[in-house]
Amino acid sequence: MAHTKSKQRLVKYPKPKKTRRAVKESLAVYTTASRPIIETDHPHIIRIEGVRDGEPITRKSHVSVRIIVGAIRLGETPKQLREAYSPQLSYAEISDALSYYLRHTAEIETYFAEHQAASERMLKAAQSRAASKHE
């Protein structure tokens with residue numbers, strides 16, 4: 001059996017630091033880092049234009065106040081919420097989100113109503129598509 005020597009091609013990869021920087025710069029328009037943070041009257045609650053439709057969110061984990069309040073309404077405990085979003089969501093953020101809701105109830109209830117209406121529109125559209133397939 002003849003021994004053939006295979007030629008190995010050397011592939012030049014970009015240096016990791018340059019690659020990371022290029023990726024970060026290209027994704028900057030999609031990240032919250034490039035958008036201004038709007039402070040609220042609660043230290044753990046912020047708004048970022050274009051993130052979660054401008055709803056108030058937790059500073060570190062970006063979970064909306066509406067989601068936290070909705071989960072509590074459905075019977076989840078803060079411990080269950082923390083575990084579901086661990087390690088990002090802290091008890092301080094959960095507590096501050098609930099406090100924010102108590103001070104801004106009408107605002108958050110508006111978000112609940114908007115999302116409920118959107119869900120109903122999506123359900124009706126899905127039902128009409130299903131009905132048209134069966135005709």
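Residues numbered from 1 in each chain as written. Predicted model: local features only at pLDDT ≥ 70, side-chain atom pairs only at ≥ 80, totals over all residues. Heavy atoms only, no water.

Undergrad: How do you make sense of the overall build of the chain when you look at a structure like this?
TA: Assigned secondary structure in the chain consists of 5 helices and 3 strands. Residues counted as buried form 24% of the 135 residues belonging to the chain. Partitioning the contacts of the chain with sequence separation of at least 6, the portion at a separation of at least 24 is 45%. (Helix = DSSP H or I, 4+ residues; strand = E, 2+ residues; numbered from the N terminus. Buried < 20%, exposed > 50% of the residue type's maximum accessible area, 1.4 Å probe, protein only. Contact = heavy atoms within 4.5 Å.)

Undergrad: How should I be thinking about the sheet that holds strand S2 (residues 45-48) in this particular structure?
TA: Note: strands within a sheet are paired through backbone hydrogen bonds, in either parallel or antiparallel orientation. Taken in spatial order, the 3 strands make up an open sheet running S1-S2-S3, and their pairing is antiparallel. With partners counted over all chains shown, the strands left at the sheet margins are strand S1 (37-39) and strand S3 (57-58), one partner each. Summarising the sheet, S1 and S2 pair through 3 bridges and their orientation is antiparallel. Each bridged residue has a counterpart across the sheet, and for Ile 37 the counterpart in S2 is Ile 48. (Pairing = 2+ DSSP bridges.)

Undergrad: Got a minute to help me understand the packing of helix H4 (residues 91-103) against helix H5 (residues 105-134) in this structure?
TA: The description of two packed helices rests on the angle between their axes and on the distance between the axes. One can describe the packing of H4 onto H5 by two numbers: an axis separation of 5 Å at closest approach and a directional angle of 100°. When the interaxial angle is binned, H4 and H5 end up roughly perpendicular. Between H4, through Tyr 100, Tyr 101, Leu 102 and Arg 103, and H5, the contact on the second element is made entirely by Thr 105, Glu 107, Ile 108 and Glu 109. Taken together, the residues of the contact of H4 with H5 sort by class into 4 nonpolar, 1 polar and 3 charged. (Axes fitted to C-alpha atoms, helices over the stretch in contact; angles between N-to-C directions. Parallel < 35°, antiparallel > 145°, perpendicular 65-115°, else oblique. Nonpolar A, V, L, I, M, F, W, Y, C, P; charged D, E, K, R; others polar.)

Undergrad: Looking at this structure, how should I read H5?
TA: A rise of 1.5 Å per residue sets the reference length of H5, with its 30 residues, at 44 Å; its end C-alpha atoms lie 43 Å apart and thus fit the reference within 8%. Among all positions of H5, only Ile 108, Tyr 111 and Phe 112 are buried. In this structure, the buried side of H5 is in contact with S2, helix H2 (65-73) and H4. (Expected span 1.5 Å × (residues − 1).)

Undergrad: What exactly am I supposed to notice about the side chain of His 42 here?
TA: Within the secondary structure, His 42 sits in the loop between S1 and S2. Its relative accessible area of 5% is what places His 42 among the buried residues. Here the side chain of His 42 touches Ser 99 through a polar contact of 3.1 Å, side chain to side chain. Apart from residues lying up to four places away in sequence, His 42 is in contact with Asp 96, Ser 99, Tyr 100, Arg 103 and His 104. (Polar contact = N/O pair within 3.5 Å; in protein donor to acceptor, adjacent residues only side chain to side chain.)

Undergrad: Explain the nonpolar core to me, please; I cannot follow it from the model alone.
TA: When a protein is soluble and globular, its nonpolar side chains tend to lie buried together. Residues Val 65, Ile 68, Leu 81, Leu 89 and Ile 108 are the most contacted members of the largest nonpolar core, which totals 15 residues. Breaking this core down by element, the ones donating at least two residues are H2, H4 and H5. Discounting residues that sit within four places of it in the chain, Leu 89 has contacts with Thr 58, Ser 61, Val 63, Ile 68, Leu 81, Arg 82 and Ile 94. (Core = buried A, V, L, I, M, F, W, Y, C linked by side-chain atoms within 4.5 Å.)

Undergrad: Explain unusual backbone geometry here, please?
TA: Glycine aside, the phi torsion of most residues is negative, and most peptide linkages are trans. Unusually for a residue other than glycine, Asp 53 sits at a positive phi of about 55°. Within the secondary structure layout, Asp 53 lies in the loop between S2 and S3. Taking relative accessible area as the criterion, Asp 53 reaches 68% and is therefore assigned exposed. Within the chain, His 62 stands out as a residue other than glycine whose phi angle is a positive 60°.

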